[in-house]
Amino acid sequence: MKKFYQSAPAQAFIAWAAARYLTLVARTLRWRVEGESHLRLMAGDKPLIVVFWHESLPSMPIFWLRAKRLGMTRPAVVLASQHRDGQLIGQAVQHMGIALVSGSSSRGGAAGLRGLIKALSNGMHVGLTPDGPRGPRRVAAPGVAQLASLSGAQILPCGALTSRAKTLDSWDKMRLPLPFGRGALVCGAPITVARDDWPAGVPAVTAALNAVMDRAAELL
């Protein structure tokens, strides 16, 4: 049975079902949004690096949907771990119209970094979880700041929480949203990382993401 669930057809079905579930759940929630002026930057003339903690991953497609309602037409890609779980998440977001680049931000994976730089240079937004795929939880790895430094793109810190959720027994305490509750989406001010000083950007990303998550908790 385990081999069946790990097979390509089963993984494809699970990804499709997860995408449908998250889309339907999002429509049942009463959302509060803060920082919409920052979110509107996604409809601007420059691609952005949109970041959020790994635990928020199931709720983040709502940001893309809301950005589209605000006029965003720019395509987007996300970085997915080459691990099976990362690829499953990647397949799910593909069903939501977001492309996929394989790699690892936490390990500074060269192939993934090159793919993201290329995506930004082609005018695509990039989505990243700076503490993924293995943690530590809510601590940014260097890859995001390095990407911003090399590409010149700004980092947009985002967070999401829902009042009703199933918290997984995992390193990130990922929260799977449940229907018919409240949701809070918070988008912080963009972060600029100096080309010659990317290390300074790492604690800035950590602080900004923790701030938006704390604010999301207050809004629920």
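Scroll up a little and you will see the structure.
Residues numbered from 1 in each chain as written. Predicted model: local features only at pLDDT ≥ 70, side-chain atom pairs only at ≥ 80, totals over all residues. Heavy atoms only, no water.

Engineer: Just checking my understanding: could you explain the overall build of the protein for this structure?
Structural biologist: Looking only at helices and strands, one finds eight helices and nine strands in the protein. Partitioning the intrachain contacts of the protein with sequence separation of at least 6 by distance along the chain shows that 77% fall at a separation of at least 24. For the protein, the accessible area works out to roughly 10,500 Å², and carbon and sulfur atoms hold 57% of it. (Helix = DSSP H or I, 4+ residues; strand = E, 2+ residues; numbered from the N terminus. Contact = heavy atoms within 4.5 Å. Areas by Shrake-Rupley, 256 points an atom, 1.4 Å probe, with all protein chains shown as cover.)

Engineer: I'm lost on unusual backbone geometry in this one. Help?
Structural biologist: The phi angle of most residues is negative, glycine excepted, and most peptide bonds adopt the trans form. Across the junction of G135 and P136, the peptide omega takes the value 10°, indicating a cis bond. Inspection of the secondary structure assignment puts P136 in the loop between β5 (125-128) and α7 (143-151). In this structure, R138 is a non-glycine residue whose phi angle is positive, near 60°. Locating R138 in the fold gives a position in the loop between β5 and α7. We note that F180 has phi near 60°; this positive angle belongs to a residue other than glycine. If you trace the backbone, F180 turns up in the loop between β8 (175-177) and β9 (182-187). For F180, a relative accessible area of 62% gives the class exposed. (Buried < 20%, exposed > 50% of the residue type's maximum accessible area, 1.4 Å probe, protein only.)

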